Amino acid sequence: MRNTKYEEFQSELIEIEEKIKKIEDQNNKDKWYLIYEHTLSIIDKQYRSYTWNDSKVQSLITIDAALFAGTLVIRQIFGNMNVIATTFLICTMAAQIVSLIVSLIHIIPKINSKIGNELNLRTIVGISPYTKTQTKDDYLTKMCEADIHEMIKQNCYQIVGMCKNNLRSETFIRAAVILTIIGIVFFSLMILFVFFNPII
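What you see is a predicted model, and the numbers here were worked out from it, not measured in a lab. Counting from 1, residues in each chain are numbered in the order their sequence is written. Restriction of local features to residues with pLDDT of at least 70 applies here, the model being predicted, together with a cutoff of 80 or more for giving and counting side-chain atom pairs; totals for whole chains, interfaces and linings are based on all residues. Values reported for side chains reflect all heavy atoms of the structure, with hydrogen atoms and water molecules removed beforehand.

### Section: the pattern of salt bridges
Salt bridge, as applied in this entry: a Lys or Arg side-chain nitrogen positioned within 4 Å of an Asp or Glu carboxyl oxygen. Tallied over the full model, the rule gives 2 salt bridges. Of the charged contacts in the structure, one is a salt bridge between Arg174 and Glu170, with a shortest N-O distance of 2.6 Å. One end of the pair is Arg174 and the other is Glu170, both in helix α5 (residues 148-196) and 4 residues apart, which spans about a single turn. Exposure remark for Arg174: the relative accessible area of 52% places this residue in the exposed category. Numbering of helices and strands starts at the N terminus; helices are DSSP runs of H or I of at least 4 residues and strands are runs of E of at least 2. With a 1.4 Å probe rolled over the protein chains alone, any residue whose accessible area is under 20% of its type maximum counts as buried; one over 50% counts as exposed, and the rest are partly exposed.

Printed below as a string of C-alpha cells:
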C-alpha cells in the first residue's frame with residue numbers, strides 16, 4: 001500500500017515537473033518572440049530616421065538652389081557691384097555650392113554599412129547574391145533554416161548598420177546646414193551693401 005502511494009506521489013511529482021518545464025519553455029519562447037518584435041519596432045524607427053534625414057536634405061537643396069538663383073539675379077541686376085558686395089557674393093555662392101555638394105553626397109545610396117551584414121537575409125547586401133549567383137529558392141531555403149535566435153541576430157545587425165548610416169547622414173546634414181546658414185548671412189550682407197552702399 002505504501003509503495004503504491006509512493007509511486008503515485010512520484011508520478012504526480014514528475015507530472016508537476018513536466019508542467020513546470022512546459023511553462024518555463026513557453027515563457028522562454030514568449031520572451032524570444034517579444035525580443036524579436038521589439039527589434040522590429042527599432043528597425044521601424046531607424047527607417048523613420050532615414051525618411052526624416054531625406055526630407056531635411058530636400059529642404060536644404062531647395063534653400064541652396066533658391067539662394068544660388070537669388071545671388072545670380074542680384075549679380076545680373078547690379079552688374080557693377082562694389083568690392084565688398086562682390087566679396088559677399090563670392091562667399092555666398094561658395095557656401096551654397098559646397099552645401100549642395102555635401103547634400104548630394106548624402107543622397108548617394110549607402111547599401112553596405114560594412115559591419116558584416118553580407119550574410120544577413122534582411123539586408124540588400126545580404127539578399128543581392130540570391131539575384132546573381134544563387135536563386136530565390138536558395139534564399140527561401142536559407143530563410144526557412146533560420147530560427148528565432150538567428151532572426152533576432154539578423155535584426156540586431158541590421159539595426160546597428162542602419163544606425164551607422166543614420167549617424168553618417170547626420171554628420172553630412174549638420175555640415176550642410178552650417179554652410180547654408182553661412183551662405184544666408186553672406187547673402188544678407190550682400191543685399192545690404194548693394195542697396196545701401198552701391199558706390200563704395
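### As for helix α2 (residues 83-107)
Multiplying 1.5 Å by the residue count of a helix minus one yields the expected span of that helix. End to end, α2 covers 36 Å across 25 residues, agreeing with the expected 36 Å (1.5 Å per residue, within 8%). Taken residue by residue, α2 has Ala85, Phe88, Leu89, Thr92, Met93, Ala95, Gln96, Ser99, Val102, Ser103 and His106 as its buried positions.

### Describing the environment of Ile101
For Ile101, the position within the fold is in helix α2. Taking the C-alpha atoms as reference points, Ile101 and Ile61, separated by 40 residues in sequence, lie 9.4 Å from one another.

### As for the packing of aromatic side chains
In this scheme Phe, Tyr and Trp rings, the latter by its six-membered ring, pair at centre separations within 6.5 Å, and the angle between planes marks the pair as stacked below 30 degrees, edge-to-face above 60, and tilted otherwise. Under the criterion given, the structure shown has 3 aromatic pairs. Taken together, a centroid distance of 5.2 Å and an interplanar angle of 70 degrees make the contact between Tyr130 and Tyr139 edge-to-face. Judged by its relative accessible area of 13%, Tyr130 falls in the buried class.

### Thoughts on the side chain of Ser103
With respect to the secondary-structure elements, Ser103 resides in helix α2. Its relative accessible area of 2% is what places Ser103 among the buried residues. Every residue pair with non-hydrogen atoms within 4.5 Å of one another is taken to be in contact. Once residues lying within four places of it in the same chain are set aside, the contact partners of Ser103 are Val57, Leu60, Ile61, Asp64 and Ala176.

### Description of the nonpolar core
Put simply, a nonpolar core is a bunch of buried Ala, Val, Leu, Ile, Met, Phe, Trp, Tyr and Cys residues held in one set by side-chain atoms that sit within 4.5 Å of each other. Counting residues in hydrophobic clusters, the biggest one holds 10 residues: Leu67, Ile74, Met81, Ala85, Phe88, Leu89, Met93, Phe187, Met190 and Val194. Only α1 (2-77), α2 and α5 provide two or more residues apiece to this core. Counting residues per element, this core draws most heavily on α2, at 4 residues. If we ignore the near neighbours within four places in the chain, the residues touching Leu67 are Gln96, Thr180, Ile184 and Phe187.

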